[in-house]
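Architecture and fold: a report
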Amino acid sequence: MKTKLGLATQAVTPVQVVGLDHVVLRVADLERSSAFYRDVLDCRVEKWQPELGLLQLRAGSALIDLVSLDGRLGRAGGAGPARGQESGSLLPAPGAFR
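Summary of the structure given here. (Residues numbered from 1 in each chain as written. Predicted model: local features only at pLDDT ≥ 70, side-chain atom pairs only at ≥ 80, totals over all residues. Heavy atoms only, no water.)

**Examining the overall build of the chain**
When helices and strands are counted, the chain shows two helices and four strands. Ordered by position in the sequence, the α and β elements of the chain form the string β-α-β-β-β-α. Counting the 98 residues in the chain, one finds 23% classified as buried. Counting only contacts in the chain whose residues sit at least 6 apart along the sequence, the fraction spanning at least 24 positions is 39%. Taken as a whole, the chain presents about 7,900 Å² of accessible surface, with 55% of it coming from carbon and sulfur. (Helix = DSSP H or I, 4+ residues; strand = E, 2+ residues; numbered from the N terminus. Buried < 20%, exposed > 50% of the residue type's maximum accessible area, 1.4 Å probe, protein only. Contact = heavy atoms within 4.5 Å. Areas by Shrake-Rupley, 256 points an atom, 1.4 Å probe, with all protein chains shown as cover.)

Dropping the structure here:
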């Protein structure tokens, strides 16, 4: 069986995804990025691991991991993506923009 894009699919019952556990974002400016998630989106700091350059923020039931490009983990991942190559979205609570 093939999808509209011509990709092969399996005929097995798929795993039912019920949510998002975490997302990892590699960032050039950890301070600026963390300020956005903390101050604008009201995410709270869950864990800071300076030896790795990893800051975990709580976003509802999920985590947002911010990895500094100049930290240990960030350097291991190679050069950062060009601006606009990474994306993601967060689903606001119903009525959040009333």
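**Quick look at the sheet that holds strand 2 (residues 44-49)**
Reading across the sheet, the four strands line up as 1-4-3-2 and stay open at both edges, with mixed pairing between neighbours. Every interior strand has two partners, whereas the edge strands, strand 1 (22-27) and strand 2, have only one. For this sheet, the mean inter-axis angle between neighbouring strands, taken without regard to orientation, is 20 degrees. Pairing of strand 2 with strand 3 (residues 54-59) involves five bridges; the strand directions are antiparallel. Each residue of the ladder has a partner; that of Gln-49, found in strand 3, is Leu-54. Relative to strand 4 (residues 62-68), helix 1 (residues 30-40) is tilted by about 160 degrees, and along the sheet it contacts strand 1, strand 2, strand 3 and strand 4. (Pairing = 2+ DSSP bridges. Axes fitted to C-alpha atoms, helices over the stretch in contact; angles between N-to-C directions.)

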